[in-house]
Structures are given as C-alpha cells and as structure tokens.
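# Report on the structure
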Amino acid sequence: MNCIKCYQEITEGSKFCPHCGAEQPDTASAANTDAQANTAAQPDAAASQNTAAQQDQNTQYQDPYAQYQNTQYQTPPVYQSSYEPEKPINWVPYLVLSIITTVCCCLPFGVVGIVYATKINSAMNAGNYEEAQKSAKTAKIWIIVAAAVGVIANIIVAVMAAMGAMDSYYYYY
C-alpha cells in the first residue's frame, strides 16, 4: 500500500502515513472505490499510461527531506477574530499598599482602598476587564489620598507636639 500524498510504501491498514502524516482512507472504502472504478467505463490506455508516468515522475523528483518537513504541525493556529486577550491586572500590590496605608496612615481612606483592591480580583475572575481597570484606578486614588492625609496628619501632630513640648520646656526652667 502506498501513501496517497507522498507515495511512500506504508503498512497495510495504516490510518496515517509515517513519512508525511497524511491521513489515509479506510481499506474498506478503498476497496469500494476500486470496485466502483472497475465497474465504471475503462479509460483509454494513453490516459492510464500518462498518470503512471506522472506518478513515477513525482517519486523521482521527490525531496529526500520531505519526511522531516511536516508543515501541518508547524504552522501557528489562525484565530478567527482580532480579539487579543488583555493583560491581567495584578491586584496584590494594590491590596498590600491599601493595608499599609490603613495601618500606618489613615484608617477610613485605607479601608476604602482595601475594598476597591479586592474588587479588582473579583472583576478579573469574572472576566470583566473594564471593571477591573476602573477598580484599580479607584484603589490607586484612595491609596494616594490615604497616604497624603496620613502624612499631613502626622506632620500636624508632630508640629503640635513640638510646640507643646517647647511651651512646657520654658515652664520648667
């Protein structure tokens, strides 16, 4: 039995050619087509000699490395739409910074940042990329606000403590 694509000798009943990987027709269907071909009108002798000469010519000039060039498995898949998967948003830094600003800087604004940071993960798991981007932007704003308010509040407390300490310093001497 010969392969239908590369005309190499293959074992009888093979489903795929080991040389080129082409799928081979079933032997039962091949027998049916042979029987139909025998019952059909016989082509003239010149046409049958022509096809035999073409097959010999194909095998004579065949590439010796064709068995190693299986392009069916080497071509990348073709996607039918122009949709590209979005880059996922990493929610961990937002959550970590929200917790740090809550503990160190400003409790109310930090809690709001934590809420929006957790919404990022929920939206990404649900596949809603736009909502995840919106939540990330909002969480970033609340983290910055909490840090700024915390720094300003700590500066005010430090100044008041320094002024109070300076006043009490003069009273003791």
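As the structure is a prediction and not an experimental result, all values here were calculated from the model.

Within the protein, the regular secondary structure consists of six helices and zero strands. Along the protein, from the amino end to the carboxyl end, the secondary structure elements read α-α-α-α-α-α. Looking at the protein as a whole, 17% of its 173 residues qualify as buried. When contacts within the protein are restricted to residue pairs at least 6 apart in sequence, those whose partners lie at least 24 apart make up 41%. Surface exposure of the protein reaches about 13,500 Å², of which carbon and sulfur atoms provide 60%.

A word on helix α5 (residues 107–126). End to end, α5 covers 29 Å across 20 residues, agreeing with the expected 28 Å (1.5 Å per residue, within 8%). For α5, the full list of buried residues reads G110, G113, A117, I120 and A123. Across the axial projection of α5, the buried residues extend over an arc of 140°, all falling on one side. Of the exposed residues in α5, the ones pointing more than 90 degrees away from its buried face are L107, P108, N125 and A126. One or two steps after α5, the chain reaches G127, where phi turns positive at roughly 90°.

Let's shift gears to a nonpolar patch on the surface. On the surface, a nonpolar cluster with roughly 320 Å² of combined accessible area is contributed by V92, V96, L97 and I100. Among the residues examined, V96 registers a relative accessible area of 43% and is labelled partly exposed.

With that settled, consider the environment of P108. Within the secondary structure, P108 is located in helix α5. The exposed category is assigned to P108, whose relative accessible area is 54%. Considered as a pair, P108 and A146 are 38 residues apart in the sequence and their alpha carbons are 7.9 Å apart.

Residues I89, Y94, L95, A117, I120, A123, Y129, A132, A136, A139 and I143 constitute the largest nonpolar core, which totals eleven residues. Every element with two or more residues in this core is listed here: α4 (92–104), α5 and α6 (129–172). Ranked by the residues each element gives to this core, the list is headed by α6, at five residues. Apart from the residues within four sequence positions on either side, A132 is in contact with I89, I120, A123 and M124. In terms of nonpolar packing, the next biggest core, distinct from the first, is built from six residues, C6, I10, C20 and A22 among them.

Our focus in this paragraph is the side chain of S98. Examined against the element boundaries, S98 turns out to sit in helix α4. At 3.2 Å, the side chain of S98 forms a polar contact with the backbone oxygen of G113. If sequence neighbours within four positions are ignored, S98 has contacts with G110, G113, I114, A117 and I143.

What follows deals with α4. Taking 1.5 Å per residue as the helical rise, α4 with its 13 residues ought to reach 18 Å, and the 18 Å between its terminal C-alpha atoms agrees with that figure. Taken together, the buried positions of α4 are occupied by Y94, L95, S98, T101 and T102. Here the buried residues of α4 occupy an arc of 135° about the axis, which is enough to place them on one side. Exposed residues pointing more than 90 degrees away from the buried face of α4 are listed as V103 and C104.

This part covers unusual backbone geometry. For Y7, which is not glycine, the phi torsion reads 60° and is therefore positive. Topologically, Y7 is positioned in the segment before α1 (27–39). Owing to a relative accessible area of 33%, Y7 belongs among the partly exposed residues under this scheme.

Moving on to the state of the cysteines. Summed over the entire model, instances satisfying the criterion amount to zero disulfides. Left without a disulfide partner, C105 is nearest to the cysteine sulfur of C104, which lies 5.8 Å away. Cysteine C106 remains unbridged, with the sulfur of C105 as its closest cysteine sulfur at 7.9 Å. Under the relative-accessibility criterion, C106 is labelled buried at 10%.

Rules used in this analysis
Residues numbered from 1 in each chain as written. Predicted model: local features only at pLDDT ≥ 70, side-chain atom pairs only at ≥ 80, totals over all residues. Heavy atoms only, no water. Helix = DSSP H or I, 4+ residues; strand = E, 2+ residues; numbered from the N terminus. Buried < 20%, exposed > 50% of the residue type's maximum accessible area, 1.4 Å probe, protein only. Contact = heavy atoms within 4.5 Å. Areas by Shrake-Rupley, 256 points an atom, 1.4 Å probe, with all protein chains shown as cover. Expected span 1.5 Å × (residues − 1). Arc of directions from axis to C-beta. Patch = residues over 30% accessible without salt bridge, like charges linked within 9 Å, V, L, I, M, F, W, Y side chains within 5 Å. Salt bridge = Lys/Arg side-chain N within 4 Å of Asp/Glu carboxyl O. Core = buried A, V, L, I, M, F, W, Y, C linked by side-chain atoms within 4.5 Å. Polar contact = N/O pair within 3.5 Å; in protein donor to acceptor, adjacent residues only side chain to side chain. Disulfide = S-S within 2.5 Å.

All quantities given are derived from atomic positions and should not be read as evidence of function.
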